[in-house]
Amino acid sequence: MIAAARLVSSACALLVAIASARQLGPVGRGEIVFVITVCILSSELVSLGTNVSGRVKILQNAGVLIEDFLGLAIVLVAVQAALVAGVLVTVGSRWFELDATVCAAGVGTGAAMFFAHMMLDASFAVRRTLETGVRDLLIGILPVVGVLIAVLAGRLSVSIVIVVTALGYISGGGYLWGVVRRGTGPIRFMPSRWGPILRSGMPVLVGSFGQVVAFRADRLVLGLLSTSAALGIYSVAATAAELPRIVLIPATQVLANRIATGDISTRDLRSLLTRLMAAYGILMVVVAVVAPSIFIPLLGGGFAGARDLVAVLALSECLLAGFLLATAVLTGLGQFRWLPIPAIVGMSVIVSADMFVVPRFGGAGAAWVRVAGFGSMAMLAALLMRRCIRSSYRAAS
């Protein structure tokens, strides 16, 4: 059910991307991508890694309660709103000439996205896994409805796309809030109780933030060093290639949870990971072959440059799958200290290389840089996973 909900949600996100790209052109689509990218990067930074560390500690009965997690989440929502506002006002208005309406909508989207992000892990922590599928459906379907209404009324704009995106996250996060609160006591705002979550979350923060920067840095660099139109074209190709990732991510979350609770032993991992990688590789081949023939006619000639990027980005997504599965195993084993290493290396490769490659080669260069960055992340994560599994074998014997 979760995978199906994620698939529907990703399909809805794709419809929003297609409608906004077709109606607003590469420039408008580029502005939307910039705002959403800022929201995503800020969410990872502000979370301080507590979404993962809190979830795992609650599942392991390590002295952390869901009431403590919810209190910390509420405080961090305010921090997220302030950070997104600062970035959009200073960077967005200067580099992308975003108006006040777009900036305000972006702040709301950033806060709503962060809240929904934290509630996802809260639901996993209280073992209400299936309900997260409803969240994904709300996040996907409501923006599609809002965008379609705006298109039919001839009123679609950058700010409207961002506002309806915020409404989707508000509804999805609000639904999970109600699910989690049914079985919990009063929310606790006690900083002393947040210490274990924050301390365990710092390695996760470095890893997860580095990971998200690796995922999104190419968009930021392309937008800042090129044009909004170039960013819009690249984002269309990236969206097509990243679409199956929405199915993979819930699988990695469930995998980490089941390893943490002992439902999956380390001896069963090799065959399981092999099957998952094979299935995902086949799916990405289909995407590389089929996606260009579908998206370009839908979006129009202004996005023809995305055709040559999809196959390269699909290759990078295959490498990324190896990284995500390996880090899920490390997370489930509680090996948080190793998580930052692959992400930092990948982030460093992508950011540094993009600074030199993008001004000369544009989106094509950014796509190949992503292959190199994701490849390095996958290789290091697999090596660390293998080391930790061998250590667990020795400890068991």
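Enquirer: Before we move on, can you summarise the overall build of the protein with the specific residues and values?
Expert: Helix and strand content of the protein: 12 helices and 0 strands. Traced from its N-terminal end to its C-terminal end, the protein shows the element sequence α-α-α-α-α-α-α-α-α-α-α-α. Here the C-alpha radius of gyration of the protein, 20 Å, is about what a compact globule of 397 residues would show, namely 21 Å. Residues counted as buried form 55% of the 397 residues belonging to the protein. Put simply, 84% of the contacts in the protein that link residues at least 6 apart link residues at least 24 apart. Summed over all atoms, the accessible surface of the protein reaches about 16,100 Å², with 67% contributed by carbon and sulfur.

Enquirer: Describe the packing of aromatic side chains, naming the residues involved and giving the relevant values.
Expert: Considering all chains together, one arrives at 2 aromatic pairs under this definition. Ring centres 5.9 Å apart and planes at 40° place the aromatic pair Phe115 and Trp177 in the tilted group. On the criterion of sequence distance, the pair formed by Phe115 in helix H4 (residues 100–125) and Trp177 in helix H6 (residues 158–181) is long-range, its members being 62 residues apart. Residue classification places Phe115 among the buried positions, given a relative accessible area of 19%. Assessed through its relative accessible area of 24%, Trp177 is described here as partly exposed. Ring plane angle 85° and centroid distance 5.7 Å describe the contact between Phe215 and Phe374, whose orientation is recorded as edge-to-face.

Enquirer: Let's hear about helix H11 (residues 310–332): which residues, and what values?
Expert: Taking 1.5 Å of rise per residue, 23 residues should cover 33 Å, and H11 covers 32 Å from first to last C-alpha, within 8% of that figure. Within H11, 18 of the 23 residues are buried, leaving the element largely enclosed by the surrounding structure. Looking one or two residues beyond H11, the residue adopting positive phi is Gly334, at roughly 75°.

Enquirer: Please provide a residue-by-residue account of the side chain of Arg135, values included.
Expert: The topology assignment puts Arg135 in helix H5 (residues 132–152). A relative accessible area of 8% means that Arg135 is categorised as buried. When residues no more than four places from it in sequence are discounted, the contact partners of Arg135 are Arg6, Ala116, His117, Leu120, Gly172, Tyr175 and Leu176.

Enquirer: Run through unusual backbone geometry, naming residues and quoting values.
Expert: Of note, Leu48 is a non-glycine position whose phi angle comes to about 60°, a positive value. Along the chain, Leu48 turns up in the loop between helix H1 (2–47) and helix H2 (50–59).

Enquirer: Account for the packing of helix H3 (residues 66–95) against H4, with residues named and values stated.
Expert: Where H3 meets H4, the closest approach of the two axes is 8 Å, and the angle between their N-to-C directions is 155°. By the criterion of interaxial angle, the relationship of H3 to H4 is roughly antiparallel. By crossing handedness, the relation of H3 to H4 is classed as right-handed. Here Ile66, Phe69, Leu70, Ala73, Leu76, Val77, Gln80, Ala81, Val84, Ala85, Leu88 and Val89 of H3 come into contact with H4, specifically with Cys103, Gly106, Val107, Gly110, Ala111, Phe114, Phe115, Met118, Met119, Asp121, Ala122 and Ala125. The residue makeup of the contact of H3 with H4, split by class, is 20 nonpolar, 3 polar and 1 charged.

Enquirer: Provide a residue-level description of the pattern of salt bridges, including the pertinent values.
Expert: The tally for this structure, following the rule as stated, stands at 7 salt bridges. Across the pair Arg219 and Glu242 runs a salt bridge, and its minimum N-O distance is 3.0 Å. One end of the pair, Arg219, is in helix H7 (residues 191–225); the other, Glu242, is in helix H8 (residues 228–242), and 23 residues separate them in sequence. On the basis of relative accessibility, which here comes to 4%, the residue Arg219 falls in the buried class. Between Glu317 and Arg245 there is a salt bridge; the shortest N-O distance is 2.6 Å. Remark: Arg245 occurs in helix H9 (residues 245–260) and Glu317 occurs in helix H11; sequence separation between them is 72 residues. A residue is classified by how much of its surface remains accessible, and Glu317, at 0% relative accessible area, is buried. Residues joined in a network through salt bridges with shared partners are Asp218, Arg219, Glu242, Arg245, Glu317 and Arg370.

Enquirer: Please give an account of the confidence of the model for the protein that cites residues and values.
Expert: Detailed conclusions should not be drawn from predicted coordinates in areas where pLDDT is low. The predicted model of the protein averages 84 in pLDDT, with 96% of residues at 70 or higher. Averaged pLDDT values for the elements of the protein fall to 77 in H7 and rise to 92 in H6.

Enquirer: Could you give an account of a nonpolar patch on the surface, with specific residues and numbers?
Expert: Nonpolar side chains collect at one region of the surface, where Ile282, Val285, Val286, Val289, Val290, Ile294 and Leu298 lie side by side and expose about 610 Å² of accessible area between them. For Val286, the location among the structural elements is in helix H10 (residues 269–299). Val286 sits in the partly exposed class, given a relative accessible area of 44%.

Enquirer: Can you explain the environment of Glu97? Please cite residues and give values.
Expert: Relative to the helices and strands, Glu97 is located in the loop between H3 and H4. You can call Glu97 exposed: its relative accessible area is 68%. Between the C-alpha atoms of Glu97 and Leu243, which are 146 residues apart in sequence, the distance is 29 Å.

Enquirer: Can you explain the side chain of Ser316? Please cite residues and give values.
Expert: Relative to the assigned elements, Ser316 resides in helix H11. When sequence neighbours within four positions are dropped, the list of residues in contact with Ser316 reads Arg370, Val371 and Phe374.

Definitions and limits used
Residues numbered from 1 in each chain as written. Predicted model: local features only at pLDDT ≥ 70, side-chain atom pairs only at ≥ 80, totals over all residues. Heavy atoms only, no water. Helix = DSSP H or I, 4+ residues; strand = E, 2+ residues; numbered from the N terminus. Rg over C-alpha atoms; globule rule 2.2 N^0.38 Å. Buried < 20%, exposed > 50% of the residue type's maximum accessible area, 1.4 Å probe, protein only. Contact = heavy atoms within 4.5 Å. Areas by Shrake-Rupley, 256 points an atom, 1.4 Å probe, with all protein chains shown as cover. Phe/Tyr/Trp six-rings, centres within 6.5 Å; stacked < 30°, edge-to-face > 60°. Expected span 1.5 Å × (residues − 1). Axes fitted to C-alpha atoms, helices over the stretch in contact; angles between N-to-C directions. Parallel < 35°, antiparallel > 145°, perpendicular 65-115°, else oblique. Left-handed = near helix turned anticlockwise from the far one by under 90°. Nonpolar A, V, L, I, M, F, W, Y, C, P; charged D, E, K, R; others polar. Salt bridge = Lys/Arg side-chain N within 4 Å of Asp/Glu carboxyl O. pLDDT = per-residue confidence, 0-100. Patch = residues over 30% accessible without salt bridge, like charges linked within 9 Å, V, L, I, M, F, W, Y side chains within 5 Å.

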